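Structural features, examined
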Amino acid sequence: PHPPAPPHQHRPPLPRFATSQFSQSRPVLPVPPRPSRPLWRPGLHGNVTQSPRAFASSRRDASPWRRRAPGERGGGKGKPGGTGGDWGALRGNGRRGGPYRRERSLTLRSSSSALYNNLAVLCPPARPPAFGAVHGTTLSLLGNEGPPRQLQARGGGSALSTPLLTQAAWCELPSRVLLVLTSQRGVQMYESDGSTMVFWHALDVPDHPAAHSVFARGIAAAGGRFVCVGTSFGAVLVFDIPPKGTNVMLNEVLEQHRDPITDIAAEQGQAPDGAGDLVTADDSGTLCLWSTGEEFTLLGKIPGSGSTCSSVTLWNGIVAAGYGNGQIRLWEAGSGRIRAQVSAHARWIYALDLAPLTGKLLSGAEDSFVHVWKLSRNPDTDDIEIQHCHAECVTDTQVCGARFCDPAGDTFAVTGYDLSEILCY
Amino acid sequence: VMNDIITTMFNKKFMEELFKPQDLYSKKALRTVYDRLAHSSIMRLNQASMDKLYDLMTMAFKYQVLLCPRPRDILLVTFNHLDAIKDFISNSPGILNQVDETFRRLIETYNCLSDGEFQLIRQTLLIFFQDMHIRVSIFLKDKVQNSNGRFVLPISGPVPWGTEVPGLIRIFNHKGVEVKRAEFTTAGNYVTPQREGSFELYGDRVLKLGTNMYSVTRPVETHMSGSSKNLASQAKENIAPNPLAKEELNFLARLLGGLDVQKPAGGETGFRLNLFTTDEEEEHAAQTRPEELSYKVINIEATQEPGRRAELSRILGELEVAEPRPDSAEKGEDLLALMDGL
């Protein structure tokens, strides 16, 4: 195990990685890719066995979303005077069957920026959800107790102007919930309603602008006690969060990625043996699988294949990753093998979210579409499957944030670039 | 005027300054640079005209950046810009050289960036354009912009190079062998792209974003005689009988033409804008133009004609200009000092 690097270590600029010559045509995968063997740590886990487990909801029957006949009203939630009927229309109402229907819209004080995973949702039990979306240097918060609030990125050092925020997310730990913001300067942590700042960590930012941007990006709660934050250096900062108070400590710095981190996700279901409970993703599409603890252990690395992984989720040992070329790929966390490849979107995927009770997966992209999928894992055959359930077209909007608003995935919320609303379905 | 502006813009020192790593300009800083650039020739524009011209430029560029199929395509957009600029000064080898130098520098600096880095550049540019929804008549007419000022994002057409048409699900077993295929359908109607644009100094960019939006010949409603037709296809101006675009061009031309005409020491008769490539062409077109198509739209009239002004005033009235936020940052100040020295 590598010793944790001291915090605030100044890192030299990363070498530029020349991508494959784009004057040649980009290869479109005709056969399943063979990922090179991920880094295994011999002796620690021995032979990786897949013990049969009973995973929830491995229904492989036909899609439960029955198509509505034209003119028929959809059941379930939604206003009675809703947009029923013309479900095959190309524009404005590009929906396909299913009980999801467009509900209310929430107004944001400022429009959302084009950033990966730009919608934060907190779903406290028996209370309405709270939302957050980043606009430039501020975070707009909605739905908390009290009036809508705006949080500012913290400037600092020799900066002349307020730094830009890159992401915001609520981190739910057993003892407390923190609201974490990442920016071009560092990491800010607040109490869950945004009222008090709990902690500030400054990145090592050079005085004069360097050739490569410096920023923090990628936020996840992990291991019941940590908050992990990614950086543009490729390092992942692991913060140890006390049950209350402001005594947050930087516990460890994980240095396996060589490109800026895009997203981090913790296991939301039950990890099979040896599968790890944290996945980190970066600009090159490389995924790293970790086992959390006082010291994090790298279990495996899935190399990228030329496309950025902008969003990632982990559920029951299945990594679902969304890429810049519009693909969603499912990887088996234990072995690092690819299990599914979906040509899901026509443009860059900006957001993925997972509903842990049902295995529903939500994807949002620049192509204006939001899709709902269903992941499943058959305990007998160990087949991993993904099915398409539902599509929504948010007309003339590049979707940049999409989240489920309940653990079963019956409701979700969406926002897009330049949109001053959060659309709820 | 064209030569002066392009010479100033591609000045070696100016370009060196631009290529230094730096943060996004504030709106005020960019507007100031734009002003200085526009006034680097004998051309003059008053404040209101400058505002309108700047709005037109920003909305056009916002459209180009927003609709790029891949983040890397913003480089192709820039190459399209440069190709068009080179066309304007194709007769001046000195300036052409400067532009080519910049072209090579762009290739050297940006061609090797990864997709993720390009997306970061694009996301940063989009921050600059956020919340700008000024309506541009030529975009409204072409139906690329809605009446609320937001751009139309088509859900059909070719997918970006490197992306597959959505619809296929492939399932693999634990040995990595494909065992199942499934398909899903959506409202989108996408096709595979034919080829990738060229990132070399010369080449077919394929992408239309960033090409001269006033050079598209639109279908002419009435018949034209043979000779006029040839002339029309050679010249690059828009002669289509479309009232809004015509007014737009008129407006732009009025901005450029209706100014104080300075008499240079050389004894020339002042600043006259001719939208044809030569005086002879202009003469010929005037003589051979069919009677029914003589809009006289190309002749620049600095006098104010009430009839046309009404239409224009209506359009102008609908245009909304966002108040620029005062910015305490001092970005671009050294750049301005540099331009003052030019």
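Notes on the structure in this doc start here. All figures in this text were calculated on a predicted structure; none of them were measured in a lab. The written sequence of each chain sets the order in which its residues are numbered from 1. Going through the entries in the order they are written, you letter the chains from A and number the ligands from 1. Owing to the predicted nature of the model, reporting of local features is limited to residues with pLDDT of at least 70; listing and counting of side-chain atom pairs is limited to 80 or more, with chain, interface and lining totals taken over all residues. Just so you know, side-chain values use all the structure's heavy atoms and leave hydrogens and water out.

Some details on the overall build of chain A
The helix and strand inventory of chain A stands at 0 helices and 28 strands. Remark: exposure states derive from per-residue accessible area (1.4 Å probe, protein chains only) relative to the maximum for the residue type, with buried under 20%, exposed over 50%, and partly exposed in between. The burial tally for chain A puts 58% of its 425 residues in the buried class. Each accessible area is a Shrake-Rupley estimate made with a 1.4 Å probe; only the visible protein chains count as cover when residues are assessed. Surface summary for chain A: the accessible area is close to 16500 Å², and the carbon and sulfur share equals 53%. Secondary structure counts use DSSP, requiring at least four H or I residues in a row for a helix and at least two E residues in a row for a strand, with both numbered from the N terminus.

Quick word on the packing of helix 3 (residues 27–38) of chain B against helix 4 (residues 47–67) of chain B
All names here are of chain B. Lines fitted to C-alpha atoms define the axes here, with helix axes fitted over just the stretch in contact, and angles between the N-to-C directions of these axes take values from 0 to 180 degrees. Their axes nearest at 11 Å, the elements helix 3 and helix 4 cross at an angle of 110°. As judged from the angle between their axes, helix 3 and helix 4 are roughly perpendicular. By crossing handedness, the relation of helix 3 to helix 4 is classed as right-handed. Residues Lys27, Leu30, Arg31, Tyr34, Asp35 and Ala38 of helix 3 form the contact with helix 4, whose own contacting residues are Gln47, Met50, Asp51, Leu53, Tyr54 and Met57. Residues belonging to the contact of helix 3 with helix 4 are distributed by class as follows: 7 nonpolar, 1 polar and 4 charged. Each angle receives one of four descriptions, namely roughly parallel if under 35 degrees, roughly antiparallel if over 145, roughly perpendicular if within 65 to 115, and oblique otherwise. Left-handed describes a crossing whose near helix is turned anticlockwise from the far helix through less than a right angle; right-handed describes the clockwise counterpart. What makes two residues a contact is simply this: any of their non-hydrogen atoms within 4.5 Å. Note on residue categories: nonpolar means Ala, Val, Leu, Ile, Met, Phe, Trp, Tyr, Cys or Pro, charged means Asp, Glu, Lys or Arg, and polar means any other residue, Gly included.

Let's talk about the pattern of salt bridges
Any carboxyl oxygen of Asp or Glu that lies within 4 Å of a side-chain nitrogen of Lys or Arg is treated as forming a salt bridge with it. Tallied over the entire structure, the rule returns 25 salt bridges over all chains. The salt bridge involving Arg195 of chain B is made with Asp204 of chain B; its shortest N-O contact spans 2.5 Å. A single salt-bridge network, built from bridges that share partners, covers Glu332, Arg339, Arg377 and Asp382 of chain A.

Concerning the interface of chain A and chain B
Accessible area lost upon the coming together of the parts serves often as the stated size of an interface. Across the contact, 73 residues belong to chain A and 64 residues belong to chain B. In short, buried area is how much 1.4 Å probe accessible area vanishes from two parts on joining, totalled over both. Carbon and sulfur atoms make up 52% of the surface buried where chain A meets chain B, a total of about 5600 Å² over both sides. At the junction of chain A with chain B, the criterion picks out 3 salt bridges. Among the salt bridges present, the one from Lys62 of chain B reaches Asp418 of chain A, with a minimum N-O distance of 2.7 Å. Counting of polar contacts relies on pairs of N or O atoms within 3.5 Å, with two restrictions inside protein: one atom must be capable of donating a hydrogen and the other of accepting it, and residues adjacent in sequence are counted only when both atoms are side-chain atoms. The tally of links between chain A and chain B comes to 28 residue pairs in polar contact (both at pLDDT 80 or more). For the side of chain A that touches chain B, the elements supplying multiple residues, two or more each, are strand 20 (327–332), strand 21 (338–343), strand 24 (369–377) and strand 25 (384–393) of chain A. Here the side of chain A that touches chain B is built from residues that sort into 33 nonpolar, 24 polar and 16 charged. Relative to strand 2 (residues 168–172) of chain B, strand 21 of chain A runs antiparallel, the two being bridged by 3 bridges. Residue Gln341 of chain A lies in a different strand from strand 2 of chain B, and its bridge partner there is Arg170 of chain B. Here the rule is simple: two strands pair whenever DSSP picks up at least two bridges between them.

A closer look at the sheet that holds strand 26 (residues 399–404) of chain A
Residues and elements named next belong to chain A. Pairing is antiparallel across the open sheet formed by 4 strands, whose spatial order is 1-28-27-26. Of all strands in the sheet, those bounded by a partner on one side alone are strand 1 (105–107) and strand 26. Sheet twist, expressed as the average angle between the axes of neighbouring strands with direction ignored, equals 20°. The pairing of strand 27 (residues 412–416) with strand 28 (residues 421–424) spans 2 bridges and is antiparallel. In the strand pairing of strand 28, Val414 is matched with Leu423.

Brief notes about the side chain of His135 of chain A
In this fold, His135 of chain A is placed in strand 3 (residues 130–135). In terms of polar contacts, His135 of chain A uses its side chain to reach the backbone carbonyl oxygen of Ser111 of chain A, at 2.6 Å. A polar contact is formed between the side chain of His135 of chain A and the side chain of Gln130 of chain B, at a distance of 3.2 Å. Each residue touching His135 of chain A, except ones within four places of it in the same chain, is listed here: Ser110, Ser111 and Ser113 of chain A together with Gln130 and Asp131 of chain B.

Examining helix 3 of chain B
Over its 12 residues, helix 3 of chain B runs 16 Å from end to end, which matches the ideal 16 Å to within 8%, given 1.5 Å per residue. Listing the buried residues of helix 3 of chain B in full gives Ala29, Arg31, Val33, Tyr34, Leu37 and Ala38 of chain B. An expected span of 1.5 Å times one less than the residue number is assigned to each helix.

Some details on the side chain of Asn111 of chain B
Residues and elements named next belong to chain B. Following the sequence through the fold, Asn111 ends up in the loop between helix 6 (93–110) and helix 7 (115–129). You can call Asn111 buried: its relative accessible area is 11%. A polar atom in the side chain of Asn111 sits 3.3 Å from the backbone oxygen of Phe199.

Topic: the environment of Arg36 of chain B
Residues and elements named next belong to chain B. Tracing the backbone shows Arg36 in helix 3. According to the relative accessible area criterion, Arg36 is partly exposed, its value standing at 32%. Spatially, the C-alpha atoms of Arg36 and Asn91 are 25 Å apart, while their sequence positions differ by 55 residues.

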